[in-house]
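Here is how the chains run, residue by residue.
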Amino acid sequence: MKQRCIECGKEYNVNEVVYTCECGGLLEIIYDYDSIELDRDSFKGREFGVWRYIELLPVKDKDKIVSLKEGNTPLYRCKNLEKELGIKELYVKNEGANPTGSFKDRGMTVGVSLANVLGVDVVGCASTGNTSASLAAYSAKANKKCIVLLPEGKVALGKLAQAMFYGAMVIEIAGNFDKALEMVRKLAENKYLYLLNSVNPFRLEGQKTIGFEIAEQLNWDVPDRVVVPVGNAGNISAIWKGFKEFYKIGLIDNLPKMTGIQAEGAKPIVEAFKRGDKDIKPYDNPETVATAIRIGNPVNAKKALDAIYSSNGYAESVSDEEILEAQKLLARREGIFVEPASASSIAGLKKLLEEGVIDRDERVVCITTGHGLKDPDTAIKACEKPIKVKDMDELLKIIKN
Ligand SMILES: *Cc1c(COP(=O)(O)O)cnc(C)c1O
Ligand SMILES: [Zn+2]
């Protein structure tokens, strides 16, 4: 097991705290795949969740593992939406069902466990909200100090409540997420904290288990396509890595087309894809109602674009209006309440079906990344006000109407 630069190939030991290569390239974790003996039956009888796949995770010492029983999220067949959108087979993998309500928990169980292995006491991150909520919870369980940097005024209420309540040191930055990340990376460089943003490749090791679970939940019959909301672009890269690893060790026979969806006001990856570029042009002022993907300079852009190109996938953007409409559709047709960023996968699917990019015969999995209760303000604004009644007479009048 090694960390390896995706640009120049330089290798680093897994207990070296480096984050990125000396050439500036992103690192990825690679295993000695030939020595991993896993077949489909190997998993029978094991507990579900991220650590079910321990052979393909970087922490082996069970005493170091910090877990809140993350992962094992439901994969819903969505028959009502199939009809509504006109597609043969649609599933939603609902990551809102994780312990703190987003897929970030998969990354944090690995990241904080690794912090234990490294023996660090202070962890930190920049966050649009969910990363901070998750890191705050896992560092509480691991007895570590947690510092989170948030863009002032742009964090959904539920996420802020979580970070504060789990006891993190919460710092609001005058500026956006990209600025907060730049600042916390400096703190990490100067060894004030161990950085747990998705530039840290160990985070992605946990998140790749989304791909593992989809394969298992669909009885090893990999879907044609996986649609993922994209912000800092770690998750789409991680899920792709998961599928590739299962393929490499012979557990699955096909790979899905990775399809990334961004918000119109923050779509540097979509633009790079449409130019056919491997590099993005960052946004200075990203803007969208989907605060979890309000990111102008995604650190994992290179990995995400590689996932999209090499899987023969696609990237598309959706408007805030389309996001909010899809959020409602998912709640009202399928009973799944997600936060706005999560609904971008559904909005993107709808748009790409209409554009003819996605075939109506495909088997598609949309990832919904975070729980609807994370952002109650946006949800309430999108609904009509409750009906107020004073007494039984008034109530009956309304019900009879
Ligand atoms: C973090 C997050 C995203 C973006 O994921 P990236 O890995 O940064 O692309 C999308 N939706 C939700 C709810 C998130 O918390
Ligand atoms: Zn390098």
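Just so it is clear, the structure is predicted and the values come from calculations on it, not from any experiment.

To continue, consider the overall build of the chain. Within the chain, the secondary structure is distributed over 14 helices and 13 strands. In terms of C-alpha radius of gyration, the chain reaches 21 Å, essentially the compact-globule figure of 21 Å for 401 residues. Looking at the chain as a whole, 57% of its 401 residues qualify as buried. Across the chain, contacts joining residues at least 24 apart in sequence account for 71% of those joining residues at least 6 apart. When the accessible surface of the chain is split by element, carbon and sulfur atoms take 48% of a total near 17,200 Å².

Relative to each other, helix H3 (residues 130-141) and helix H4 (residues 157-165) sit at 25°, their axes nearing to 8 Å. Judged by the angle between their axes, H3 and H4 are roughly parallel. The interaxial crossing formed by H3 with H4 has left-handed handedness. Two secondary-structure elements touch here, H3 through Asn 130, Ser 132, Ala 133 and Ala 136 and H4 through Lys 159, Gln 162 and Ala 163. By residue class, the composition of the contact of H3 with H4 is 3 nonpolar, 3 polar and 1 charged.

Take the site of ligand 1 next. Lys 104, Asn 130, Asn 232, Ala 233 and Thr 369 are the nearest of the 16 residues found near ligand 1. In the environment of ligand 1, an oxygen atom lies 2.8 Å from a nitrogen or oxygen atom belonging to the backbone of Asn 232. Protein contacts shield 97% of the accessible area of ligand 1, which totals 380 Å² for the unbound molecule. Residue assignment for the shell around ligand 1 shows that the elements contributing at least two residues are helix H8 (234-248) and helix H12 (340-354). For the shell around ligand 1, a count of residues per class yields 6 nonpolar, 8 polar and 2 charged.

Burial analysis of strand S12 (residues 314-318) places 4 of its 5 residues in the buried class, the great majority of the element. The sheet contact formed by strand S11 (residues 257-263) and S12 spans 5 bridges and is parallel. In the strand pairing of S12, Ala 263 is matched with Val 318.

A word on the sheet that holds strand S1 (residues 2-5). Pairing is antiparallel across the open sheet formed by 3 strands, whose spatial order is S2-S1-S3. Strand pairing shows two members of the sheet lacking a second neighbour, strand S2 (11-12) and strand S3 (27-30), which therefore form its edges.

All right, on to the environment of Asp 375 then. Note on placement: Asp 375 falls in the loop between strand S13 (363-368) and helix H13 (376-381). Sequence separation of Asp 375 and Leu 90 is 285 residues, and the distance between their C-alpha atoms is 25 Å. The contact partners of Asp 375, leaving out residues within four places of it in the chain, are Ala 156, Val 289 and Pro 340.

Turning next to the coordination of the zinc ion (ligand 2). Protein coordination at the zinc ion (ligand 2) comes from Cys 5 (SG), Cys 8 (SG), Cys 21 (SG) and Cys 23 (SG), with a distance range of 2.3 Å. For the zinc ion (ligand 2), the 4 donor atoms in the first shell make angles of 103 to 120° at the metal, so the coordination geometry reads as tetrahedral. In terms of primary sequence, the donors binding the zinc ion (ligand 2) are separated according to C-x2-C-x12-C-x1-C. One end of the pair, Cys 5, is in strand S1; the other, Cys 23, is in the loop between S2 and S3, and 18 residues separate them in sequence. Judged by its relative accessible area of 44%, Cys 23 falls in the partly exposed class.

The geometry of helix H2 (residues 104-118) relative to H3 is characterised by a closest axis approach of 9 Å and an angle of 40° between their N-to-C directions. The orientation of H2 relative to H3 falls into the category oblique. The two elements H2 and H3 cross, and the hand of that crossing is right-handed. Residues Lys 104, Asp 105, Met 108, Thr 109 and Val 112 of H2 touch H3, and the partners they reach there are Asn 130, Thr 131, Ser 134, Leu 135 and Tyr 138. Across the contact of H2 with H3, the residue classes break down as 4 nonpolar, 4 polar and 2 charged.

Locating Glu 152 in the fold gives a position in the loop between strand S7 (145-151) and H4. Sequence separation of Glu 152 and Asn 176 is 24 residues, and the distance between their C-alpha atoms is 7.5 Å. Beyond its immediate chain neighbours, meaning those up to four positions away, Glu 152 contacts Glu 172, Ile 173, Ala 174 and Gly 175.

To continue, consider the sheet that holds S13. Hydrogen bonds between backbone groups are what pair the strands of a sheet, and the pairing can be parallel or antiparallel. Across the sheet, which stays open at both edges, the 6 strands sit in the order S4-S5-S13-S10-S11-S12 with mixed pairing between neighbours. Because the sheet does not close on itself, it has two edges, and the strands there are strand S4 (75-77) and S12. Going across the sheet, the axis of each strand differs from the next one's by a mean of 25°, ignoring polarity.

Under the criterion given, the structure shown has 11 aromatic pairs. When the ring of Tyr 19 is compared with that of Tyr 194, the centres are 5.9 Å apart and the planes differ by 35°; the resulting orientation is tilted. Pair noted here: Tyr 19 is in the loop between S2 and S3 and Tyr 194 is in strand S9 (residues 194-195), with a separation of 175 residues, a long-range link. Here Tyr 194 falls in the buried class, since its relative accessible area comes to 4%. Between Tyr 31 and Tyr 33 the ring centres are 6.0 Å apart and the planes differ by 65°, which places this aromatic pair in the edge-to-face class. For the pair Tyr 31 and Tyr 33, one class covers both residues: buried. Put simply, the rings of Phe 43, Tyr 53, Phe 212, Trp 220 and Phe 246 pair up and form one aromatic cluster.

Cut-offs used in this document
Residues numbered from 1 in each chain as written. Chains lettered and ligands numbered in written order. Predicted model: local features only at pLDDT ≥ 70, side-chain atom pairs only at ≥ 80, totals over all residues. Heavy atoms only, no water. Helix = DSSP H or I, 4+ residues; strand = E, 2+ residues; numbered from the N terminus. Rg over C-alpha atoms; globule rule 2.2 N^0.38 Å. Buried < 20%, exposed > 50% of the residue type's maximum accessible area, 1.4 Å probe, protein only. Contact = heavy atoms within 4.5 Å. Areas by Shrake-Rupley, 256 points an atom, 1.4 Å probe, with all protein chains shown as cover. Axes fitted to C-alpha atoms, helices over the stretch in contact; angles between N-to-C directions. Parallel < 35°, antiparallel > 145°, perpendicular 65-115°, else oblique. Left-handed = near helix turned anticlockwise from the far one by under 90°. Nonpolar A, V, L, I, M, F, W, Y, C, P; charged D, E, K, R; others polar. Near = heavy atom within 4 Å. Polar contact = N/O pair within 3.5 Å; in protein donor to acceptor, adjacent residues only side chain to side chain. Pairing = 2+ DSSP bridges. Donors = N, O, S within 2.8 Å, 3.2 Å for Na, K, Ca; no water. Tetrahedral: all angles 85-135°; square planar, octahedral: opposite > 155°, others 65-115°. Phe/Tyr/Trp six-rings, centres within 6.5 Å; stacked < 30°, edge-to-face > 60°.

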